[in-house]
Amino acid sequence: MNVQSPPEALKPNDYASDQEVRWCPGCGDYAIVKAVQKALANMGADPKNTVFVSGIGCAARFPYYMATYGFHTIHGRAPAVATGVKLANPGLDVWVIGGDGDMLSIGGNHTLHVLRRNIDVQVLLFNNEIYGLTKGQYSPTSKVGTRSPSTPAGSVDSPVSACVFALGCNARFVARSVDTNLKVLPGLMQEAKENTGASFVEILQNCIVYNDGVYSSFTDKANIADGQVVCEHGKPLLYGKDKEKGLRMTPGKMELEVVTIGENGVTEADILLHDETNRPLALMLASMQPPNFPVAMGVIFRDPGLSYDAAVYEQIAEVTEKSPAIPINELMHKGKTWTVV
Amino acid sequence: MATQLKETDENGREILDSVVIRFAGDSGDGMQLTGTQFTQSTALMGNDLSTFPDFPAEIRAPVGTTYGVSAFQINFASHAIKTPGDAPDVLVAMNPAALKVHLKDLVPGGTLILNLGAFTGRNIEKAGYKESPLENDTLDSYRVIEIDISKMTLAAVDHIDVTQKEALRAKNLWTLGLMCWMYDRDRQPTIDWLNQRFGKLPLIAEANIAALNAGHAFGETAELPSEISTYVVPKAKVEPGIYRAVTGVETTCWGLLTGAQKAGLNIFFGSYPITPASPLLHSLSNLKAHGVVTFQAEDEISAVCSALGASFAGSLGITSSSGPGVALKSEALGLAVVTELPLIIVNFQRAGPSTGLPTKTEQSDLYQAVFGRNGDTPMPVIAASTASDCYDCAIEAVRLATKYMTPVMYLNEGFLANAAEPWKLPDTDDVEPFPVKFASETEGFHPYLRDEKTLARNWAIPGTEGLEHRIGGIEKDYDSGNISYDSDNHHKMTKVRAQKILGIADDIPEQEVVSGNNSGKMVVVGWGSTFGAIEQATRRCQEDGLDVSHIHIRYIWPLARNLGELLKGFDKILVPEMNNGQLVTLLRSEYLVPAESLAQITGQPFKVGDLEREIRSRMED
Ligand SMILES: Cc1ncc(C[n+]2csc(CCOP(=O)(O)OP(=O)(O)O)c2C)c(N)n1
Ligand code: SF4
Ligand SMILES: [Mg+2]
């Protein structure tokens, strides 16, 4: 008798391919791949139905290290390729991986459209504020003044915020985290996956070779408490070692300010509660920058809606019900024909 | 008129062998619609026919200008014809600008029908005439029928509650009615079409039908100049079967669908609108129930990338565009070549470079198709010759793409996309199925395992247990399918990719001559839509005893395996193309033969007469 034993639950390592990882030692990408593997294990993801699609860059090497289906495409185009994968087989779980150059520079247009269409994929943007693979030129997310081989005197153009961009594209799930935050990252991936529609996750990633420490002012252990605020729906936007600081709307103004509980008569009741369905609030939170503000982490915005792929197949079903397929021979005979004997 | 029999039928209609009519007017005058409806009736009458719509790029060019003129030419006959005709026997000019642009093409003694109502001083001036062409000798050598069509139309729809503007819009149908009377065409198909088209606007339908009938009645009752008679063009003798009038877009659409069904795949079509390729997106979008997913992408790059992603996932990815859009796709085509996924790129060529002449036809993307990518990036290229052939080529593109796991460039042309011809409806059962077998065997699997004979790699799609794998643009190891930076391996893989495509030559028909001998003094070699014109021109020369043959190439890459030998049997090789000499270069480089170019880059199809003259003169060189 052929008794099938139930498949054993896969462990994070089972999602790792046999390929040697080729990132620089100490690169933040290592932590991210671990976090994703952990998330997949936690969710019990089926490798055969999981597809990672990436563009080009250090980040985009990602699919090679996963024991799932993977497509390493061309620079900037991963969202477009992923769109085709998902539309061809909506049953697949599709992840899009790319760097800040990949997704916001050469491929910015596709990122815009995958988000606004709300295609049911997870878009993970590894933001290291630099072009890693091409040896360290500044990127569209680099701060003004970034010195790089192509900007030896410092960059002069102002950067784009990945999350603000995503919100402007009408993304319905926008989150942010840090590469090394292994406590939070797998859970966030899971939330992204569980959201139907396009889920955008910006992962602040340290490029140890070309941009080491860009985020240390708020990601170094000592700086986390005062440098980051974690957004949780319905909870007050508090941060600081003793949760003594918080965000509130400046009275009479459409703007956020940092306040300290107990100072100037501020109480916890004054602190803004996070509403993840409020896009204007999300835009303000996503825009916050150090040193005057903490950096917003977690699910900044979530307001699920019908995904494009679901809508496409709903429409196909409707149309098919109204006028089902007929043989092509009949199709070609529809319309004005004449017979020659 | 081609060959006039000067006979009459029992109704006193003069019997014509063939006739070429050109409708010309302002782009707002509805000339394309008039031509299309006249074509439909003509097809239903059983004539063979060929059409040439020629319209400006501007949607609404300023009224009355020469560059706003839109024209539609139809050639119909009681025998087989292959081109829309060199020069019109009848020109319908709805305004002075149309006359100005098209009069030079009208055959001497040809019939000219003018809408007098549009010959106002202002319009005459706008058309660039110094004085009215009606009042000097400009029209002396033609048979001119002057009718105030505008006024007649207004009178005809007077009793219907439509605005003056709407009433005047019906003047193209009045004209159509008159032409239906003159050439004995049935008005019913047009009436049916109007009722359907304006189902929600019954008054508009009524006005148009009234105008159509009035134009017809005018012919029956009016005192037209005595030399204007009515004509009949008897049915063409064609193979028995069921026919319909089709354009190359329609047949391409059905061919792709037929091919996909024969392969057992669903179509994913990613496209971005561009003239003259958009109609294929429109047509396929109507086939949702047939397992066709269409996706209007944000740009050409996304269009091809989504199609490639769909192929990766197990659909038949197809994308379509015109030259500028295909240029944008080229990086992704390289990815398709290196990942060895099936993909079809339909290029409806138009006049380039850059934006060029978007609504004019050309064959100038052959280099782009065969060579236009970075790296050694070969892919099969096939080119359709007629609207009917578009169907077969589409099926063939699907067959090659799936059997050889390769992108296939399918060259179409703006001319084929828009031109209509009668088509004997095929039976899809006559096409041998070529079902795709996805990989399922896990033992020894890797993504670049190849079929020994075709060299195609196996196609394992996501969702298949145990075949999880990664592909991408980085070179892959021949033996494992993993990334490889090894130089010898790259050499080997490049050779294998090239060999796989060249091997297709053993899977396609040997090259035959269309007409003439298999060797001799001269062969005229063509490809694409020039087929009909070249065929007619060479036949005329042959009938005159000249030793000239015609070869038509459908497989641009790889070329037929016997083509080189065949060409070497001729003293002279003449290659007419609607470009500055592209196939000719390919033939010279492949076979080291002294092929000569005959280039025409006017955005217009070749005229049979011009070709014939050129063949004769080059034979004498
Ligand atoms: C069409 C094209 N242009 C340029 C490149 C070169 N290129 C490769 S990756 C890259 C930028 C990578 O930066 P990013 O996307 O931020 O990824 P990272 O390496 O930082 O992870 C560039 C410019 C390319 N591969 N293809
Ligand atoms: S260059 Fe930077 S981003 Fe790329 S692998 Fe090295 S550390 Fe990571
Ligand atoms: Mg980067």
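Let us look at the structure shown here. Everything quoted here is computed from the prediction, not taken from an experiment.

## Some details on the site of ligand 1
In step 1: What surrounds ligand 1 is a group of 17 residues, the closest being A:Cys58, A:Asp100, A:Gly101, A:Asp102 and A:Gly132.
In step 2: In this structure, ligand 1 is bordered by residues of chains A and B.
In step 3: Taking A:Cys58, its main chain carries an N or O atom lying 2.7 Å from an oxygen atom of ligand 1.
In step 4: In the model, an oxygen atom of ligand 1 is placed 2.8 Å from a nitrogen or oxygen of the A:Asp100 side chain.
In step 5: When ligand 1 sits alone it has 580 Å² of accessible area, and the protein chains cover 77% of it.
In step 6: Only helix H3 (100-106) and strand E5 (130-131) of chain A provide two or more residues apiece to the shell around ligand 1.
In step 7: The leading source of residues in the shell around ligand 1 is H3(A), at 4 residues.
In step 8: Split by residue class, the shell around ligand 1 holds 7 nonpolar, 7 polar and 3 charged.

## A closer look at the pairing of strand E1 (residues 50-54) of chain A
All names here are of chain A.
In step 1: Within E1, 5 of the 5 residues are buried, which leaves the element mostly enclosed by the surrounding structure.
In step 2: Residues Thr 50, Phe 52 and Ser 54 point to one face of E1 and Val 51 and Val 53 to the other, with burial holding for every one of them.
In step 3: As paired strands, E1 and strand E3 (residues 93-99) are joined by 5 bridges and run parallel to one another. Pairing of Thr 50 across the sheet is with Asp 93, part of E3.
In step 4: As defined by bridge partners, E1 adjoins strand E2 (residues 69-72) across 4 bridges and the pair is classed as parallel. Bridging across to E2, Ser 54 finds its partner in His 72.

## Thoughts on the sheet that holds strand E5 (residues 69-77) of chain B
Residue and element names in this part refer to chain B.
In step 1: The mixed open sheet is built from 6 strands, whose spatial order is E4-E5-E3-E6-E7-E8. At either end of the open sheet lies a strand with only one pairing partner, and these are strand E4 (48-54) and strand E8 (143-147). Strand-to-strand twist in this sheet, taken as the mean axis angle between neighbours without regard to direction, amounts to 15°.
In step 2: Across 4 bridges, strand E3 (residues 18-26) lies against strand E6 (residues 90-93) in parallel orientation. In the strand pairing of E6, Ile 21 is matched with Val 90.

## Focus: the coordination of the magnesium ion (ligand 3)
Residue and element names in this part refer to chain A.
In step 1: Ligation of the magnesium ion (ligand 3) by protein atoms is provided by Asp 100 (OD), Asn 128 (OD1) and Ile 130 (O), these donors lying 2.1 to 2.2 Å from the ion.
In step 2: Considered as a linear motif, the donors of the magnesium ion (ligand 3) on their single chain read D-x27-N-x1-I. Placement of the pair is Asp 100 in helix H3 and Ile 130 in strand E5, with a sequence separation of 30 residues.
In step 3: Assessed through its relative accessible area of 1%, Asp 100 is described here as buried.

## Considerations on the packing of helix H2 (residues 78-88) of chain A against helix H11 (residues 300-312) of chain B
In step 1: Packing of H2(A) against H11(B) leaves a shortest axis separation of 6 Å and a crossing angle of 45°. The orientation of H2(A) with respect to H11(B), classified from their angle, is oblique. When you trace H2(A) past H11(B), the crossing you get is right-handed. Residues A:Ala80, A:Val81, A:Gly84, A:Val85 and A:Ala88 of H2(A) form the contact with H11(B), whose participating residues are B:Ser302, B:Cys305, B:Ser306, B:Gly309, B:Ala310 and B:Phe312.
In step 2: Across the contact of H2(A) with H11(B), the residue classes tally to 7 nonpolar, 4 polar and no charged.

## What about empty space enclosed by the protein?
Residues and elements named next belong to chain B.
In step 1: As enumerated under the stated definition, the model contains 1 cavity of 30 Å³ or more in all.
In step 2: In this structure, the largest cavity occupies an estimated 50 Å³ of space.
In step 3: If you go around the largest cavity, the residues you meet are Ala 336, Val 337, Glu 340, Pro 378, Met 405, Thr 406, Pro 407, Arg 497, Lys 500 and Ile 501.
In step 4: Secondary-structure elements contributing two or more residues to the lining of the largest cavity are helix H12 (323-339) and helix H16 (487-502).
In step 5: Among the elements that line the lining of the largest cavity, the one with the most residues is H16, at 3 residues.

## A closer look at the interface of chain B and chain A
In step 1: The interface of chain B with chain A comprises 72 residues on the first partner and 58 residues on the second.
In step 2: With both chains or domains summed, chain B and chain A bury close to 5100 Å², and 65% of this area falls on carbon and sulfur atoms.
In step 3: Its largest share of buried area at the contact with chain A, chain B owes to B:Lys288, B:Glu298 and B:Arg470, together 13% of the area lost on that side.
In step 4: Applying the counting criterion to the chain B and chain A interface returns 3 salt bridges.
In step 5: With a closest N to O distance of 3.5 Å, A:Lys48 and B:Glu465 form a salt bridge.
In step 6: The interface formed by chain B and chain A contains 27 residue pairs in polar contact (both at pLDDT 80 or more).
In step 7: A total of 8 residues in the side of chain B that touches chain A trace back to one element, the largest contributor, which is H11(B).
In step 8: In this sheet, strand E10 (residues 241-247) of chain B lies alongside strand E14 (residues 337-340) of chain A in antiparallel orientation, the contact comprising 4 bridges. Paired with A:Thr337 across the strands is B:Arg244, a residue of E10(B).

## Here's the deal with helix H4 (residues 149-156) of chain B
All names here are of chain B.
In step 1: Considered for burial, the residues of H4 that qualify are Ile 149, Ser 150, Thr 153 and Ala 156. All buried residues of H4 fall inside an arc of 130° around its axis, so they share one side. Exposed and oriented more than 90 degrees from the buried face of H4 are Lys 151 and Ala 155.
In step 2: The elements touched by buried residues of H4 are strand E7 (111-115), E8, helix H5 (164-169), helix H6 (171-182) and helix H8 (202-221).

## With respect to the sheet that holds strand E10 (residues 238-239) of chain A
In step 1: Across the sheet, which stays open at both edges, the 3 strands sit in the order E10-E11-E12 (chain A) with antiparallel pairing between neighbours. Edge strands, defined here as strands with exactly one partner in the open sheet, are E10 and strand E12 (256-260) of chain A.

## Here we look at the pairing of strand E17 (residues 420-424) of chain B
Residues and elements named next belong to chain B.
In step 1: Counting buried residues along E17, 4 of its 5 residues qualify, which places the element largely inside the surrounding structure.
In step 2: Alignment of E10 against E17, held across 5 bridges, turns out to be antiparallel. Bridge pairing in E17 links Thr 247 to Ala 420.

## Re the packing of aromatic side chains
In step 1: As enumerated under the stated definition, the model contains 20 aromatic pairs over all chains in all.
In step 2: Where A:Trp23 meets A:Tyr30, the ring centres are 5.7 Å apart and the plane angle is 80°; that geometry is what we call edge-to-face.
In step 3: Accessibility expressed as a relative area gives 6% for A:Trp23, which makes it buried.
In step 4: A relative accessible area of 28% means that A:Tyr30 is categorised as partly exposed.
In step 5: Above the ring of B:Tyr448, the side-chain terminus of B:Arg457 is found at 5.1 Å from the ring centroid.
In step 6: Directly above the ring of B:Tyr478 sits B:Lys492, whose terminal nitrogen or CZ lies 3.9 Å from the centroid.

The rules behind the values
Residues numbered from 1 in each chain as written. Chains lettered and ligands numbered in written order. Predicted model: local features only at pLDDT ≥ 70, side-chain atom pairs only at ≥ 80, totals over all residues. Heavy atoms only, no water. Near = heavy atom within 4 Å. Polar contact = N/O pair within 3.5 Å; in protein donor to acceptor, adjacent residues only side chain to side chain. Areas by Shrake-Rupley, 256 points an atom, 1.4 Å probe, with all protein chains shown as cover. Helix = DSSP H or I, 4+ residues; strand = E, 2+ residues; numbered from the N terminus. Nonpolar A, V, L, I, M, F, W, Y, C, P; charged D, E, K, R; others polar. Buried < 20%, exposed > 50% of the residue type's maximum accessible area, 1.4 Å probe, protein only. Pairing = 2+ DSSP bridges. Axes fitted to C-alpha atoms, helices over the stretch in contact; angles between N-to-C directions. Donors = N, O, S within 2.8 Å, 3.2 Å for Na, K, Ca; no water. Parallel < 35°, antiparallel > 145°, perpendicular 65-115°, else oblique. Left-handed = near helix turned anticlockwise from the far one by under 90°. Contact = heavy atoms within 4.5 Å. 1 Å grid on protein atoms, 1.4 Å probe; cavity = no way out; pocket = protein on both sides within 12 Å on 5 of 7 lines; lining within 4 Å. Points joined across faces, edges and corners; volume = space filled by probe spheres on them. Buried area = accessible area lost by both parts, 1.4 Å probe. Salt bridge = Lys/Arg side-chain N within 4 Å of Asp/Glu carboxyl O. Arc of directions from axis to C-beta. Phe/Tyr/Trp six-rings, centres within 6.5 Å; stacked < 30°, edge-to-face > 60°. Lys NZ or Arg CZ within 6 Å of the ring centre and 35° of its normal.

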